[in-house]
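Listed below are the residues making up each chain.
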Amino acid sequence: MSVPSNKTVILTGASRGIGRAVAHALSQRGVRLVLNARGEDRLRETAEGCTGADARIVAGNAASASVAQKLVDEARDMGSFAGFIHAAGVLHPGPLLHEIEEHAFREVLDASLTAAYQLVRFAVPVLEGTAHYGAERGIAVFFGSGAAEIAQPGIAAYCIAKAAEEHLMRQLAAESDGVYTFAYRPGVVETRMQQQARSAEGGAADTLRKTFQSWKDEGRLIEPEESAQGLLKFIEQADRLHGRSIRIGEAI
């Protein structure tokens, strides 16, 4: 399995951070893109930076069935639909679990988990049908996190969401013979989430701020572009990663 040049890939979370870096890196390799995020202005900026291949935008919440369906429809219309990369995520850092407002809890789970389900729901039947006609398998890549394996006060909803999203990936791997699927743990990256955690408010904020600030002070943060390149290397070996969660730089 190679990076799908001259094919079309859906990418969520494309308006900033790692998602934007992935969009630009894929475009440079000739991959056509259907880009998604909730904010249209920043999403359009990402598309304007995709100079190596066509890029369309579909603004909206991918947790919505209508948005997910439109993403797949646009990808099919562009031709040679090869799969999706689900990079979207929301953190809402600071509160203890019992302090999290219901709307915030749902927003975090929707961004990682419900959107992942909707992408599987609409994309995988199309990709499986293509594979059954003799084309190579598609890809279904989910953004995981080391948070999936820990209980960290201050990002409870995010830990829960990432654990569930990574299990969704494993479930898909067990069920589908039309896609190679894996979860990518992108590393400790200087993104808006890091900035939010360093200025968090709530019952667990003090500890959270210290933890995230220490990563910055110690020089542990990498840039989104480095994380994007790590992902592209793994996509080239997606057949060997099927059903796995793998962190940036990990040996295969």
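It should be noted that the structure appears before, not after, this text.
Heads up: these notes are all about the structure in this document. (Residues numbered from 1 in each chain as written. Predicted model: local features only at pLDDT ≥ 70, side-chain atom pairs only at ≥ 80, totals over all residues. Heavy atoms only, no water.)

### Brief notes about the overall build of the protein
The helix and strand tally for the protein stands at 9 helices and 7 strands. A globule of 252 residues ought to have a C-alpha radius of gyration of about 18 Å, and the protein, at 17 Å, matches this closely. On the principal axes, the C-alpha backbone points of the protein span a range of 55 × 35 × 35 Å. Looking at the protein as a whole, 52% of its 252 residues are labelled buried. Relative to all contacts within the protein whose residues are 6 or more apart in sequence, the contacts with residues 24 or more apart total 70%. Carbon and sulfur atoms make up 46% of the accessible area of the protein, which totals about 11,100 Å². (Helix = DSSP H or I, 4+ residues; strand = E, 2+ residues; numbered from the N terminus. Rg over C-alpha atoms; globule rule 2.2 N^0.38 Å. Buried < 20%, exposed > 50% of the residue type's maximum accessible area, 1.4 Å probe, protein only. Contact = heavy atoms within 4.5 Å. Areas by Shrake-Rupley, 256 points an atom, 1.4 Å probe, with all protein chains shown as cover.)

### Some details on the sheet that holds strand E7 (residues 245-247)
Taken in spatial order, the 7 strands make up an open sheet running E3-E2-E1-E4-E5-E6-E7, and their pairing is parallel. Looking at the sheet topology across the chains shown, the edges are occupied by strand E3 (55-59) and E7. In this sheet, adjacent strand axes meet at a mean angle of 20° when their direction is disregarded. Sheet analysis places strand E1 (residues 8-12) next to strand E4 (residues 81-86), joined by 5 bridges and oriented parallel. Within E4, the residue paired with Thr12 across the bridge is His86. Sheet strands in contact with helix H1 (residues 17-28) are E1, strand E2 (32-37), E4 and strand E5 (138-143), and its direction is about 170° off that of E2. Relative to E3, helix H2 (residues 40-48) is tilted by about 170°, and along the sheet it contacts E2 and E3. (Pairing = 2+ DSSP bridges. Axes fitted to C-alpha atoms, helices over the stretch in contact; angles between N-to-C directions.)

### A short note on helix H3 (residues 65-78)
Between its first and last C-alpha atoms H3 spans 20 Å; for 14 residues at 1.5 Å apiece the expected length is 20 Å, and the two agree. All of the buried residues in H3 are Val67, Ala68, Leu71, Val72, Ala75 and Met78. For H3, the arc enclosing every buried residue in end-on projection is 135°, short of the 170-degree limit, so these residues lie on one face. Set apart from the buried face of H3 by more than 90 degrees, the exposed residues are Ser66, Arg76 and Asp77. Positioned one or two residues after H3, Gly79 has a phi angle of 100°, which is positive. (Expected span 1.5 Å × (residues − 1). Arc of directions from axis to C-beta.)

### Things to note about helix H8 (residues 224-235)
Across its 12 residues, H8 extends 17 Å between first and last C-alpha, which sits within 8% of the 16 Å expected from 1.5 Å per residue. For H8, the set of buried residues is Pro224, Ser227, Ala228, Gly230, Leu231, Leu232, Phe234 and Ile235. Structurally, H8 contributes buried residues whose contacts are with H1, E4, E5, strand E6 (179-185), helix H9 (238-241) and E7.

### Focus on the pattern of salt bridges
Once their charged atoms are close, side chains differing in charge can pair, the charge on each being opposite to the other. Applying the stated criterion across every chain, the model contains 16 salt bridges. Of the charged contacts, one joins Arg20 and Glu45 as a salt bridge, the two residues approaching to 3.4 Å between their closest N and O atoms. Taken together, the positions of Arg20 in helix H1 and Glu45 in helix H2 put the pair 25 residues apart, joining distant regions of the chain. Glu190 serves as the salt-bridge partner of Arg198, at 3.3 Å between the closest nitrogen and oxygen. Members of the salt-bridge network, linked through shared partners, are Arg56, Glu74 and Asp77. (Salt bridge = Lys/Arg side-chain N within 4 Å of Asp/Glu carboxyl O.)

### Focus on the nonpolar core
Membership of the largest hydrophobic core comes to 35 residues, with the highest contact counts inside it found for Leu35, Ile85, Phe182 and Leu231. No other element matches the 6 residues that H1 contributes to this core. Sequence-distant contacts of Ile85, that is, excluding residues within four places in its chain, are made with Val9, Ile10, Leu11, Thr12, Val22, Leu26, Val141, Phe143, Leu231 and Ile235. Core analysis: the next-biggest nonpolar cluster, separate from the first, contains 29 residues, Leu71, Val126, Leu127 and Val179 among them. (Core = buried A, V, L, I, M, F, W, Y, C linked by side-chain atoms within 4.5 Å.)

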